[in-house]
Amino acid sequence: MTEAQIINIIEKTLNEKLEQDSNFIRYTFFEIMVKYNLSKSDENIFNLLIENKLRNLDYKVYFRGEEYEYEGKTKIVEDNEILIAIKKVTERVQKDGRKTKKTKH
């Protein structure tokens, strides 16, 4: 797969995810590797490109096996997940309209 094709996948999937929840983004192995038939080398390119994109959008990015904290709970990026990205902000509006004041990043 070409880098341009991988960028197209990133743009399409990231836009969908941002519409669902702009504070927390999860990419699973199935939705990327299986659905788009990426090879292992494609996955490496995907990871580099999506990490760069998300960091530029002010997200903290975690990959398989890494520990992260979200909404007061500590979790680990599971084997079936490619990455988790959490928006770095000091105030976040939750889905129910409430505001949380603090994030740890």
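Residues numbered from 1 in each chain as written. Predicted model: local features only at pLDDT ≥ 70, side-chain atom pairs only at ≥ 80, totals over all residues. Heavy atoms only, no water.

**Thoughts on the sheet that holds strand 5 (residues 81–87)**
Thought 1: Across the sheet, which stays open at both edges, the 3 strands sit in the order 1-5-2 with antiparallel pairing between neighbours. Since the sheet does not close on itself, it has two edges, and those belong to strand 1 (24–28) and strand 2 (59–63), each with one partner. Strand-to-strand twist of the sheet, defined as the mean angle between neighbouring strand axes without regard to direction, takes the value 15 degrees.
Thought 2: Note: strand 1 against strand 5, 5 bridges, orientation antiparallel. Paired with Thr-28 across the strands is Glu-81, a residue of strand 5.
Thought 3: The strands touched by helix 1 (residues 3–20) are strand 1 and strand 2; relative to strand 1, the strand with the most contacts, the crossing angle is about 135 degrees. (Pairing = 2+ DSSP bridges. Helix = DSSP H or I, 4+ residues; strand = E, 2+ residues; numbered from the N terminus. Axes fitted to C-alpha atoms, helices over the stretch in contact; angles between N-to-C directions. Contact = heavy atoms within 4.5 Å.)

**Some points on the nonpolar core**
Thought 1: Counting residues in each nonpolar core, the largest one holds 19 residues, and the members touching the most others are Tyr-27, Ile-32, Phe-46, Ile-50, Leu-54 and Leu-83.
Thought 2: What Ile-50 contacts, discounting residues up to four positions off in sequence, is Ile-10, Leu-14, Tyr-27 and Leu-83.
Thought 3: In this structure, Phe-24, Tyr-62, Tyr-70 and Ile-86 belong to the second largest nonpolar core, which totals 7 residues. (Core = buried A, V, L, I, M, F, W, Y, C linked by side-chain atoms within 4.5 Å. Buried < 20%, exposed > 50% of the residue type's maximum accessible area, 1.4 Å probe, protein only.)

**Details of the packing of helix 1 against helix 3 (residues 40–56)**
Thought 1: In contact at an axis separation of 10 Å, helix 1 and helix 3 are set at 50 degrees when each is read in the N-to-C sense. With respect to their mutual orientation, helix 1 and helix 3 come out oblique. When the axes of helix 1 and helix 3 are compared, the crossing they make is right-handed. Residues Glu-3, Ile-6, Ile-7, Ile-9, Ile-10, Glu-11 and Leu-14 of helix 1 pack against Asp-42, Ile-45, Phe-46, Leu-49, Ile-50, Lys-53 and Leu-54 of helix 3.
Thought 2: Grouping the amino acids of the contact of helix 1 with helix 3 by side-chain chemistry returns 10 nonpolar, no polar and 4 charged. (Parallel < 35°, antiparallel > 145°, perpendicular 65-115°, else oblique. Left-handed = near helix turned anticlockwise from the far one by under 90°. Nonpolar A, V, L, I, M, F, W, Y, C, P; charged D, E, K, R; others polar.)

**Concerning a nonpolar patch on the surface**
Thought 1: Residues Phe-29, Phe-30 and Val-34 make up a contiguous nonpolar surface patch of roughly 290 Å² in combined accessible area.
Thought 2: Along the polypeptide, Val-34 turns up in helix 2 (residues 29–34). (Patch = residues over 30% accessible without salt bridge, like charges linked within 9 Å, V, L, I, M, F, W, Y side chains within 5 Å. Areas by Shrake-Rupley, 256 points an atom, 1.4 Å probe, with all protein chains shown as cover. Salt bridge = Lys/Arg side-chain N within 4 Å of Asp/Glu carboxyl O.)

**Re the pairing of strand 4 (residues 73–76)**
Thought 1: As paired elements, strand 3 (residues 67–70) and strand 4 share 4 bridges and run antiparallel to each other. Within the sheet, the bridge partner assigned to Tyr-70 lies in strand 4 and is Lys-73.

**Brief notes about the pattern of salt bridges**
Thought 1: Per the counting criterion, the structure on display carries 6 salt bridges.
Thought 2: Glu-11 serves as the salt-bridge partner of Lys-53, at 3.4 Å between the closest nitrogen and oxygen. With Lys-53 in helix 3 and Glu-11 in helix 1, the pair connects residues that are 42 residues apart, well separated along the chain.
Thought 3: With a shortest N-O distance of 3.2 Å, Lys-40 and Glu-43 are connected by a salt bridge. Linking Lys-40 with Glu-43, this pair stays in helix 3, spanning 3 residues, or about one helical turn.

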